[in-house]
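# Coordinate inspection notes
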Amino acid sequence: QAWLVKRRGSSDDAELAAIRDELAKPVVLEDAQFGSLTLDRALDWYAGSIDWLGREVRLTVTPDAVDEPQAAVEVARALAKDAEAWQARIRDYAVQKLLGLKNESWLGDDEPPVDAETFQSRMTLTTISVSEGGSWSFWHEDGGLFAGHSILVSGDLESGPTDADIPG
């Protein structure tokens, strides 16, 4: 891979120019369920947006090989097929793993402890990332629970949620 930062002078190499022009074209995966997913060559994933329970969220699909994305897309299909159940499991897991942290270490001055319902109501899903092999990550805005850190719940199709964190 290479990143063209600046062209220096003109090139009369037709073969190189053809390769450059081909690499400049977007690669778009058209999917009947998820619409257009565009390859981000720098990250080796396809990205687009999907409707998740009536809300538009970003979807990233990371295949093992960028020219064979279908196995990774199937992970997204499995999640979307039972979206309500996955959403409940993920939100419940976030509460199980992070509510204690919030109430023990992240309360503001004079802020009362947060209950599970309030915690979940402040989480806003922004991105679903899936990978070939069944792994996934659900990224949420924290609604001020953790001073602007994301709430990340990750896992896989077989085990369900396996980790929750507040990165960056």
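Scroll up a little and you will see the structure.
Summarised in this report is the structure supplied together with it. (Residues numbered from 1 in each chain as written. Predicted model: local features only at pLDDT ≥ 70, side-chain atom pairs only at ≥ 80, totals over all residues. Heavy atoms only, no water.)

## Topic: the environment of Ser150
Formally: Note on conventions: DSSP H or I runs of at least 4 residues are helices, E runs of at least 2 residues are strands, and numbering of each starts at the N terminus.
With respect to the helices and strands, Ser150 occurs in the loop between β6 (135-141) and β7 (151-156). Considered as a pair, Ser150 and Pro113 are 37 residues apart in the sequence and their alpha carbons are 20 Å apart.

## Thoughts on the sheet that holds strand β3 (residues 45-52)
To summarise the sheet geometry, strands pair through backbone hydrogen bonds and adopt either a parallel or an antiparallel arrangement. Note the cut-off: Note on pairing: DSSP must find at least two bridges between two strands before they are called paired. The axes used here are C-alpha line fits, helices contributing only the stretch in contact, and every angle between their N-to-C directions lies in the interval 0 to 180 degrees. Contacts are residue-level and defined by heavy atoms, with any inter-residue pair within 4.5 Å sufficient.
With respect to topology, eight strands assemble into an open sheet ordered β1-β2-β3-β4-β5-β6-β7-β8, the strand pairing being mixed. Of all the strands in the sheet, the pair left with one neighbour each is β1 (28-31) and β8 (160-165). Pairwise comparison of adjacent strand axes, ignoring direction, gives a mean angle of 25° for this sheet. Relative to strand β5 (residues 124-131), strand β4 (residues 55-62) runs parallel, the two sharing five bridges. Bridging from a neighbouring strand, Leu59 pairs with Ile128 of β5. Relative to β5, helix α2 (residues 70-81) is tilted by about 140°, and along the sheet it contacts β1, β3, β4, β5 and β6. Strand contacts of helix α3 (residues 83-105): β3, β5, β6, β7 and β8, with the helix running at about 40° to β8, the strand carrying the most contacts.

## As for the pairing of β1
Quick reminder of the rule: Burial classification: accessible surface area is computed with a 1.4 Å probe over protein chains only, and a residue below 20% of its type maximum counts as buried, one above 50% as exposed, and the rest as partly exposed.
The alternating pattern of β1 places Leu29 and Asp31 on a buried face and Val28 and Glu30 on a face that is not buried. Across four bridges, β1 lies against strand β2 (residues 35-40) in antiparallel orientation. In the strand pairing of β2, Leu29 is matched with Leu37.

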